[in-house]
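Take a look at the letters that make up each chain.
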Amino acid sequence: MQDYGIWTIITPIVTILLAILTRQVMLSLMLGILVGFTVINDHNILLGVRGTVDGIIDTFASAGNTRTIVFMVMIGGIMRLVVVTGGVRALVQLLTNKTRLIKNRTATQLLAILITSLIFIESSINQLVAGASTKNLARQYGVAPEKMSYLIQTACVSVCSSAIINGWGAVIMGLIGVQISQGLISGEPFDILIKSIGYNLMAWLSLATILFYVLTNISWGPMKKAEDKYQQHFVSGKLTNTTKQSEEDEIIEHPNAYSVLNFFIPILSTVLMVPVALYITGDGDFTKGSGSTSVYWGVMFGTAVSFCWFIGRRLLNIDNFFKELFIGYASMLKISSIMILAFLMGNVSSELNTGAYIAEVTHGIMAPGFSIGFIFIISAIMSLATGTSWGTFAIMIPIGVQLGLSVGMPIEYMIGAAISGSIFGDMTSPISADAIVASMATDCDHIEHIRTQMPYAIVTASVVLAIYLYLGFTN
């Protein structure tokens with residue numbers, strides 16, 4: 001593989017800085033990708049432009065990428081259907097007026113965290129369902145989109161990275177299995193992962209942190225400013241009449257509208273199909289199933305069930321069903337475009353060998369006591385630069401295991417630190433796919449989501465680093 005030297009990290013740096021400064025994520029991704037392809041083509045700008053244009057098409061050469069993009073478009077159709085048939089409004093009324101389960105801002109935020117945590121099989125679906133379930137409640141009680149996207153994404157990444165029977169656990173067990181097969185460590189991958197998850201401190205402290213902020217109603221920094229600004233749109237904690245009317249105008253008039261079943265039937269059919277598909281594609285083993293295939297099957301099944309449900313109840317005729325479905329598809333154009341560019345950025349980073357370069361230039365420069373913290377920091381930098389947690393721990397877990405063995409540090413510490421650092425980028429990088437989905441699920445401006453969430457993630461990461469240093473020097 002060609003060595004691009006310091007140029008290998010220029011692409012992610014350009015992208016992240018532009019995203020933060022301009023708040024235009026698509027422009028930042030395009031320019032960052034252009035820089036990357038220019039470097040790959042011996043700094044020839046014309047070939048860089050050609051590589052960028054061709055690379056967008058080449059993104060679809062990956063079946064996994066294509067399935068994910070199609071899923072993002074199609075889930076927009078289902079979300080549109082549950083809104084226009086009154087399903088979301090009925091759910092809000094059920095939780096507030098009828099059962100009185102959700103009475104205030106705190107309960108709304110806790111509900112978002114709970115829903116996200118329960119659907120731990122796949123990160124995109126759990127964020128989208130949590131957003132759809134709580135978006136109107138958040139508006140009703142004046143919870144800013146920035147706060148909701150922070151809570152949903154942080155809960156999502158923390159829970160998914162700590163669960164065992166999902167794609168995250170399967171990948172990590174596979175990486176551990178490789179180290180076992182090479183004779184570096186011994187034992188069962190599952191047992192080692194169970195012990196390592198306890199040291200995924202970024203996940204556990206992040207969950208504790210969001211619960212603290214929700215229960216104490218404390219906010220600070222950019223998040224506080226965003227919440228204060230959002231509160232200006234409310235009178236006595238309720239939506240203005242203009243906003244209420246706009247919400248009502250979207251719902252069709254029909255006796256079968258405003259039913260919670262119009263929400264639960266499409267959503268649950270989509271969600272429950274995912275573990276079934278994981279089981280089928282994994283030949284009876286949930287941990288070996290294809291995540292992208294499973295969510296694709298899920299959204300296809302959910303669309304088919306929605307068709308039968310809404311047509312059968314005569315809520316929609318065939319023409320209106322597809323009209324609303326396509327309106328939902330169109331609403332996902334922006335998020336799908338960003339996702340395509342994010343995938344392409346991942347391809348560019350891989351070709352530039354960004355992750356391996358960062359690991360290589362920082363290897364062997366610290367005392368044994370710093371080893372756990374070192375793996376955490378490098379994983380955090382790498383995930384921030386590449387926007388991928390899976391790609392980061394795929395590189396850093398083997399490095400962490402081997403470094404731990406060389407300095408006499410328990411491998412569970414090293415694996416936990418690698419996972420923790422990897423999810424830091426998911427929470428802070430503007431090119432993170434999970435961050436993009438969280439922004440879309442809560443109707444939050446993407447860069448505002450990153451800008452308001454990053455200080456919270458950095459504070460949590462600082463505490464995590466301090467604990468890792470303590471473990472390193474007291475081992």
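Treat the numbers as computed from the prediction; the structure is a model and nothing was measured.

(A) Region of interest: the nonpolar core. Judged by nonpolar contacts, the single largest core of 68 residues is most densely connected at Phe71, Met72, Ile75, Ile125, Leu128 and Ile267. The greatest single-element share of this core, amounting to 11 residues, is contributed by helix α17 (residues 333-352). In this structure Leu128 touches Phe71, Ile75, Met79, Val437, Met440 and Ala441, once residues within four positions along its chain are discounted. Counting 43 residues, the second largest nonpolar core, distinct from the first, contains Leu193, Val401, Ile415 and Phe424.

(B) Representation of the pattern of salt bridges within the structure. One pass over the full model with this rule turns up 8 salt bridges. Note that Arg80 and Glu324 form a salt bridge whose closest N and O atoms lie 2.8 Å from each other. A residue pair is termed long-range when its members are at least 10 positions apart, and Arg80 in helix α4 (residues 63-84) and Glu324 in helix α16 (residues 318-331) qualify at 244 residues. With its nearest N and O atoms 3.6 Å apart, the salt bridge here joins Lys135 to Asp443. Of the two residues, Lys135 is situated in helix α7 (residues 123-141) and Asp443 in the loop between α22 (433-441) and α23 (446-474); the sequence distance between them amounts to 308 residues. Asp443 gets classed as partly exposed once you look at its relative accessible area, which sits at 46%. Salt bridges linked by common partners bring Arg105, Lys147 and Glu227 together as one network.

What counts, and at which threshold
Residues numbered from 1 in each chain as written. Predicted model: local features only at pLDDT ≥ 70, side-chain atom pairs only at ≥ 80, totals over all residues. Heavy atoms only, no water. Core = buried A, V, L, I, M, F, W, Y, C linked by side-chain atoms within 4.5 Å. Buried < 20%, exposed > 50% of the residue type's maximum accessible area, 1.4 Å probe, protein only. Helix = DSSP H or I, 4+ residues; strand = E, 2+ residues; numbered from the N terminus. Contact = heavy atoms within 4.5 Å. Salt bridge = Lys/Arg side-chain N within 4 Å of Asp/Glu carboxyl O.

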